[in-house]
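Structure assessment
Each chain, letter by letter, is given below.
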Amino acid sequence: MAEITGDQRVQSEVLEGLATAVNHRRWFIELAVPYLGDDPIEIGSGLGDYALEWSERLPRFTATEADPDRLVQLKERLAGHPNIDVRQMLLPHNGRGDYSAAVSYNVLEHIEDHVGALQSMRDLVRPGGAVIIIVPAFQFAMGPADIATGHVRRYTKKTLGAAMTDAGLTIEKIHYANALGLIGYFMATKVFRLMPKEGPMVKVYDTLVLPATKAAEQLVLPPFGQSVFAVARVPS
């Protein structure tokens, strides 16, 4: 049986804090846009920050959330957007769909059966459509913040690629993102044992450091990063 892992209150506090990292969010939004198609579903929409920005570019969008309390908040926030459907979803499950893509950011690391979760995403997407994933990178960075928010694991390109392949997906693109963010996250959460919440450190990084990091990584993909970004296709 699937379960929601982690302290939901802490998760919500982290989501609220990271909502202030506008440049970071826009970078990751842009990464997914070429693969979304016309009718994607997001797995684990949280407070709806990504859903709102993606839906502005699309005729239809489906946002989902597993936690009942956050689902209520999500429905309230997205109520004024008629092109967005909101539904509850907990992975893995046995449902099927015909979405153009499934996109899931920082969710897979919460799920023990991550291959089963990826298979569920695959089954929601039409043949040839994309499954778009971002997960936190490198197990050595696993610390108190990960544990409090319910992370089961962190990934490398190899481990995420293996899970997607085991789920019956064909990998199209996989790379690390936000190299300097990994260093900052490690220092903040493991050395100083801070939570990634709203505050001066997040604002300074998002305003001054992240734009330069993004520009550099558009030229040369880094050998490490705070996140792994992957796109895989559902076989025809």
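Placed above this text is the structure.
No experiment lies behind these values; they were computed from the predicted model shown. (Residues numbered from 1 in each chain as written. Predicted model: local features only at pLDDT ≥ 70, side-chain atom pairs only at ≥ 80, totals over all residues. Heavy atoms only, no water.)

1. Focus: the sheet that holds strand β3 (residues 84-88)
An order of β3-β2-β1-β4-β5-β7-β6 is seen for the seven strands of this open sheet, with the pairing classed as mixed. A single partner strand is all that each edge strand has here, and the edge strands are β3 and β6 (170-177). Along the sheet, helix α5 (residues 114-124) makes contact with β1 (41-42), β4 (99-105) and β5 (125-136), crossing β5 at roughly 145°. (Pairing = 2+ DSSP bridges. Helix = DSSP H or I, 4+ residues; strand = E, 2+ residues; numbered from the N terminus. Contact = heavy atoms within 4.5 Å. Axes fitted to C-alpha atoms, helices over the stretch in contact; angles between N-to-C directions.)

2. A few points about the side chain of R153
For R153, the position within the fold is in the loop between α6 (144-148) and α7 (157-166). The charged side chain of R153 is buried without a salt bridge, its nearest counter-charge being E112 at 4.4 Å. A polar side-chain atom of R153 sits 2.8 Å from the main-chain carbonyl oxygen of E112. Reaching out from R153, the side chain makes a polar contact with the side chain of Y155 at a distance of 3.0 Å. (Buried < 20%, exposed > 50% of the residue type's maximum accessible area, 1.4 Å probe, protein only. Lys, Arg positive; Asp, Glu negative; His and termini not counted. Salt bridge = Lys/Arg side-chain N within 4 Å of Asp/Glu carboxyl O. Polar contact = N/O pair within 3.5 Å; in protein donor to acceptor, adjacent residues only side chain to side chain.)

3. Some details on the nonpolar core
In summary, soluble globular proteins display a tendency toward joint burial of nonpolar side chains. Core analysis: the largest hydrophobic core is formed by 35 residues, its most contacted members being L108, L118, M121, V131, I133, L160 and M164. Contributions of two or more residues to this core are made by β4, α5, β5, α7, α8 (179-191) and β7 (227-233). (Core = buried A, V, L, I, M, F, W, Y, C linked by side-chain atoms within 4.5 Å.)

4. Here we look at α5
Buried residues dominate α5, accounting for nine of its eleven residues. What α5 keeps buried is the set H114, V115, G116, A117, L118, S120, M121, D123 and L124. Those residues of α5 that are buried are in contact with β1, β4, β5 and α7.

5. Things to note about the packing of aromatic side chains
All chains considered together, the criterion is met by nine aromatic pairs. Every member of this aromatic cluster is reached through a ring pair, and the members are W27, F28, Y50, W54, F61 and Y105. (Phe/Tyr/Trp six-rings, centres within 6.5 Å; stacked < 30°, edge-to-face > 60°.)

6. So, a nonpolar patch on the surface
Residues L180, I183, M187, V191, F192, L194, M201 and F224 make up a contiguous nonpolar surface patch of roughly 730 Å² in combined accessible area. Here the element with the most residues in the nonpolar patch is α8; it accounts for four residues. By secondary structure assignment, the location of I183 is in helix α8. The exposure class assigned to I183 is partly exposed, which follows from its relative accessible area of 45%. (Patch = residues over 30% accessible without salt bridge, like charges linked within 9 Å, V, L, I, M, F, W, Y side chains within 5 Å. Areas by Shrake-Rupley, 256 points an atom, 1.4 Å probe, with all protein chains shown as cover.)

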